[in-house]
Amino acid sequence: MPVNARHKQTVSNLIASFDATRPLVAIAPGAKRSTNRWPADRFADITQHLKGFGANIILVGGLGDKPVCSTVNELSGNTCLNLAGITTLLESAALFDRCQLVIACDSGVQHLAATWGTPCISLFSARDICGKWIPHGRIHTVIRKWPECHTCFLDACPRDNLCMRMISTEEVIKAINEKLKTV
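Predicted model, so just to flag it, every value in this text is computed and none were measured. (Residues numbered from 1 in each chain as written. Predicted model: local features only at pLDDT ≥ 70, side-chain atom pairs only at ≥ 80, totals over all residues. Heavy atoms only, no water.)

## Digging into unusual backbone geometry
Peptide bonds are mostly trans, and most non-glycine residues show a negative phi. Our working rule: Helical segments are the DSSP runs of H or I of at least four residues, strand segments are the runs of E of at least two, and each set is numbered from the N terminus. Residue exposure (1.4 Å probe, protein chains only): buried if accessible area is under 20% of the type maximum, exposed if over 50%, otherwise partly exposed.
Within the chain, Asn78 stands out as a residue other than glycine whose phi angle is a positive 55°. The topology assignment puts Asn78 in the loop between α3 (66–75) and β3 (81–82). A relative accessible area of 53% places Asn78 in the exposed class.

Written out as structure tokens, the structure is:
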């Protein structure tokens, strides 16, 4: 991807207030399909845990993800930098290049971050065939549950996103601890 100095400078300007000695973590709570979304309040719980690491937290996504990113930020006490709908694709790539970790639902964000070699914790519904859309590489952690209705291919879940709700905050925190222990 043709990330250039201008993209990198834009990112530097956006995160200038952050302490560069602390981990930089991007969270992408949005997803195109409602079946791929993890509850916003759980993402807010994750931000509280990340604060324990002293992490600088950035919420990312497209314009359509702005509402869920705003909700996560509000539930987090407005302590995150919400860049949803603000950065371009190339600026997002430049941002992920500087992140120690990206936490995302099954969405394009995880693939863009993986392209830059940034470790991802990816939260997957059981909607699709297992392993079909996971980020490329061995440095990523995929969390997915197996309700009896798995591999349904539905665009709307009649069970209130059971497979996503089965992913616990504790599991994600455990994955965060494993990823950030070396930072």
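## Notes on the pattern of salt bridges
What counts here: Only one rule defines a salt bridge in this text: a Lys or Arg side-chain nitrogen within 4 Å of an Asp or Glu carboxyl oxygen.
A full pass over the atoms with the stated rule returns one salt bridge. Arg22 is the partner of Asp19 in a salt bridge, and the nearest nitrogen-oxygen pair spans 3.5 Å. Residue classification places Arg22 among the partly exposed positions, given a relative accessible area of 44%.

## Side note on the side chain of Arg42
Rule in force here: We score Asp and Glu as negative and Lys and Arg as positive, and we do not count His or the chain ends. Should any heavy atoms of two residues lie within 4.5 Å, those residues are considered in contact.
Residue position: Arg42 is located in helix α2 (residues 40–52). Although Arg42 is buried, it forms no salt bridge, and the closest oppositely charged side chain is Asp41 at an N-O distance of 5.0 Å. Filtering out sequence-adjacent residues up to four positions away, Arg42 remains in contact with Met164, Arg165, Ile167, Ser168 and Thr169.

## Some points on the sheet that holds strand β1 (residues 24–28)
To keep it simple, the criterion reads: Pairing between two strands requires that DSSP report at least two bridges joining them. Helix axes use the C-alpha atoms of the stretch in contact, all axes being lines fitted to C-alpha atoms, and the angles between their N-to-C directions lie in the range 0 to 180 degrees.
Spatially, six strands are ordered β3-β2-β1-β4-β5-β6 in an open sheet, and the strand pairing comes out parallel. A single partner strand is all that each edge strand has here, and the edge strands are β3 and β6 (141–144). Pairing of β1 with strand β4 (residues 101–105), which is carried by four bridges, proceeds in the parallel orientation. Paired with Ala28 across the bridge in β4 is Ala104. Most of the contacts of helix α7 (residues 169–180) go to strand β5 (residues 120–124), to which it runs at about 160°, and overall it touches β1, β4, β5 and β6.

## Describing the nonpolar core
Where we set the bar: Here, nonpolar core means buried Ala, Val, Leu, Ile, Met, Phe, Trp, Tyr and Cys residues that are tied together by side-chain atoms lying within 4.5 Å of each other.
If you look at the biggest cluster of nonpolar residues, it comprises 27 residues, and the most contacted ones within it are Ile27, Trp38, Leu50, Ile103, Leu123, Val172 and Ile176. Contacts of Val172, omitting those with residues within four sequence positions, involve Trp38, Ile46, Ile103, Ile121, Leu123, Ile143 and Ile167. Listed in part, the 21 residues of the second largest apolar core include Leu24, Ala26, Val60 and Leu95.

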